[in-house]
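Summary of the model geometry
In case you want the letters, here they are:
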Amino acid sequence: MAQYGGLGGLGGLGGLGGLGGLGGLGGLGGLGGQTGLGAFLGAEDPGGYSGATTAGLQITADGLRHLAGDGDTPAAGELAFNDPSNYGRWGQWVRGSLYITEMLNGLDWATASNPNAVTLRLEGADMVTLHRPTSEILTQQCQHVRDYADLRDERGAEIASQLGFPTEYFAMILGLHPAQHKKTFELITATQVIAAHMAMIVKHALAVRRPDQIDGRILPMIPTPGHGSFPSAHATEAYAVLTVMTQLVSTWDALNDSENRLKMLRGLAERIAVNRTVAGVHFPIDSWAGAALGTAIGNAILGRCGLATSTPSRTYTAMNSDFFDFDFTDTAIAKSHGLVEGTAFSAAQKPAFTWLWGEAAAETQKV
């Protein structure tokens, strides 16, 4: 019998200390005891002052307060109630909570046995169904992982710098600058954080061992993360960002080579996914599953942003296949590798995401 789970609340959002800095340049790759906000953790939260500054401010306040007089302070005008115009007033970590809440509202999942599978559903419609790979497939996949180790010297710097969210790589291709595209970075961060959350649901349910836990010859070059192998969260995040940013680029009016940049962006998503296999921590089938999940999540985020999207659901039954984006994007070839399209789903529009999309779309006109 199927088992159903839901997200009654966010949970895990306590301890939001003053990390500061630009959201999107951290990562959920290792989680490291962080809260569910991931890269939003502490962004635009000033935290506390040093002891000397705190004492100095209090001394100054005591010395100057009398200059303001003893009368009542005039009543201030109230902020608009429950209005999108207020989003820009809040810290980025606060908006991060709202994005997560909006995206996960209506999300649930079902698990089934014989064969073992998990289905993510949004507002009652199936998004993605992933079947747990068999032990035989995992054993066969280890040969692919061992073969990819030959690329470790060539890709070592990429792999090490992509342990968290590889936002800098997206920025390089799209010509993004923190001072000019702050909300675009925020949209990328929201996409990655949400993709990571949803990937963890599936990882937990399917509970697939990592390559080095099956074949002692793999010897990963980076620490093996403390969660299941299937699907790849890096692939999920990269393909979600690819999906969202491909749509955002269509609103740009200042780039004359956007088509070429999008080709590179797609190549980057594939490369980020494959790098995890090169590193020895993922099977190629993990990238297949992650790409399918990430594409669905990206389209769901676009729906939350107010863009009408109707996306086919996908079911993936792993075969002993290597992962190439060309195969993934060709429906007929993908089907021969176990990825099948089904009934379409869509996501309802939400206010915080709609506000963020408008802000990011306006920024891209300044490239």
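Notes on the structure follow. Fair warning: this is a prediction, and the values are worked out from it, not measured in the lab. (Residues numbered from 1 in each chain as written. Predicted model: local features only at pLDDT ≥ 70, side-chain atom pairs only at ≥ 80, totals over all residues. Heavy atoms only, no water.)

**Concerning the overall build of the chain**
Looking only at helices and strands, one finds 12 helices and 6 strands in the chain. If you take every contact in the chain between residues at least 6 apart in sequence, the share linking residues at least 24 apart comes to 78%. A total accessible area of about 16,600 Å² is found for the chain, and carbon and sulfur atoms account for 54% of it. (Helix = DSSP H or I, 4+ residues; strand = E, 2+ residues; numbered from the N terminus. Contact = heavy atoms within 4.5 Å. Areas by Shrake-Rupley, 256 points an atom, 1.4 Å probe, with all protein chains shown as cover.)

**Observations regarding the pattern of salt bridges**
Should the charged atoms of two oppositely charged side chains come close, the side chains can pair. A complete count under the given rule lists 10 salt bridges for this structure. Between Arg314 and Glu341 there is a salt bridge, and its shortest N-O distance comes to 3.7 Å. Residue Arg314 is located in strand β5 (residues 311-316), and its partner Glu341 is located in strand β6 (residues 339-345); the two are separated by 27 residues in the primary sequence. Overall, the relative accessible area of 39% leaves Glu341 in the partly exposed class. What emerges from the salt-bridge pattern is a single network uniting Arg146, Asp215 and Arg217. (Salt bridge = Lys/Arg side-chain N within 4 Å of Asp/Glu carboxyl O. Buried < 20%, exposed > 50% of the residue type's maximum accessible area, 1.4 Å probe, protein only.)

**Here we look at the packing of aromatic side chains**
Taken as a whole and judged by the stated rule, the model has 9 aromatic pairs. Taking the centre distance of 5.6 Å and the plane angle of 50 degrees together, the rings of Tyr87 and Trp355 count as tilted. Separated by 268 residues along the polypeptide, Tyr87 in the loop between α1 (51-64) and α2 (92-104) and Trp355 in helix α12 (residues 351-363) bring together distant segments of the chain. For the pair formed by Tyr87 and Trp355, the shared burial category is buried. Taking 5.2 Å as the distance between ring centres and 40 degrees as the angle between the ring planes, the aromatic pair formed by Tyr99 and Phe353 counts as tilted. Residue Tyr99 is found in helix α2, and its partner Phe353 is found in helix α12; the two are separated by 254 residues along the sequence. (Phe/Tyr/Trp six-rings, centres within 6.5 Å; stacked < 30°, edge-to-face > 60°.)

**Focus on the packing of helix α6 (residues 182-206) against helix α7 (residues 233-249)**
The N-to-C vectors of α6 and α7 enclose an angle of 140 degrees; their axes lie 8 Å apart at closest approach. Of the two elements, α6 crosses α7, and the hand of that crossing is right-handed. Packed against α6, whose contacting residues are Thr184, Leu187, Ile188, Thr191, Gln192, Ala195, Ala196, Ala199, Met200 and Lys203, the element α7 presents Ala233, Thr236, Glu237, Ala240, Val241, Val244, Met245 and Leu248 at the interface. Along the lines of polarity and charge, the residues of the contact of α6 with α7 split into 12 nonpolar, 4 polar and 2 charged. (Axes fitted to C-alpha atoms, helices over the stretch in contact; angles between N-to-C directions. Left-handed = near helix turned anticlockwise from the far one by under 90°. Nonpolar A, V, L, I, M, F, W, Y, C, P; charged D, E, K, R; others polar.)

**Quick look at the nonpolar core**
Nonpolar side chains in soluble globular proteins generally cluster together in the buried interior. Counting residues in hydrophobic clusters, the biggest one holds 94 residues, and the most contacted among them are Met127, Ile297, Tyr316 and Trp357. When residues of this core are assigned to their parent elements, the largest contribution, 12 residues, is made by α6. Ignoring sequence-local partners within four residues, the contact set of Met127 consists of Leu107, Leu120, Arg121, Leu122, Met198, Ala296, Ile297, Ala300, Ser313, Arg314 and Phe345. (Core = buried A, V, L, I, M, F, W, Y, C linked by side-chain atoms within 4.5 Å.)

**Side note on a nonpolar patch on the surface**
The grouping of Leu79, Trp90 and Leu98 at the surface amounts to a nonpolar patch, some 250 Å² of accessible area in total. Positionally, Leu79 belongs in the loop between α1 and α2. (Patch = residues over 30% accessible without salt bridge, like charges linked within 9 Å, V, L, I, M, F, W, Y side chains within 5 Å.)

**Regarding the environment of Thr224**
Its place among the elements puts Thr224 in the loop between α6 and α7. Taking the relative accessible area as the measure of exposure, Thr224 reaches 27% and is therefore partly exposed. Not counting residues within four places of it along the chain, the set of residues in contact with Thr224 comprises Arg210, Asp212 and Val281. Of the polar contacts made by the side chain of Thr224, one reaches the side chain of Asp212; its length is 3.3 Å. (Polar contact = N/O pair within 3.5 Å; in protein donor to acceptor, adjacent residues only side chain to side chain.)

**Let's talk about the side chain of Ser313**
For Ser313, the position within the fold is in strand β5. Judged by its relative accessible area of 9%, Ser313 is buried. Within the structure, the side chain of Ser313 is placed 2.8 Å from the backbone oxygen of Thr343, a separation counted as a polar contact. In contact with Ser313, other than residues within four places in its own chain, are Asp126, Met127, Val340, Glu341, Gly342, Thr343, Ala344 and Phe345.

**Here we look at the pairing of strand β3 (residues 117-122)**
Across the 6 residues that make up β3, a large majority, 6, are buried. Here β3 shows no split at all, with Ala117, Thr119 and Arg121 on one side and Val118, Leu120 and Leu122 on the other all buried. Bridge analysis of strand β2 (residues 107-112) against β3 gives 6 bridges, and the strand direction is antiparallel. When the sheet's bridge partners are listed, Ala110 is paired in β3 with Thr119. Hairpin connection from β2 to β3: 4 residues lie between these consecutive antiparallel strands, with Asn114 at a positive phi of about 55 degrees. As paired elements, β3 and strand β4 (residues 125-131) share 6 bridges and run antiparallel to each other. Paired with Leu122 across the two strands is Ala125, which belongs to β4. (Pairing = 2+ DSSP bridges.)

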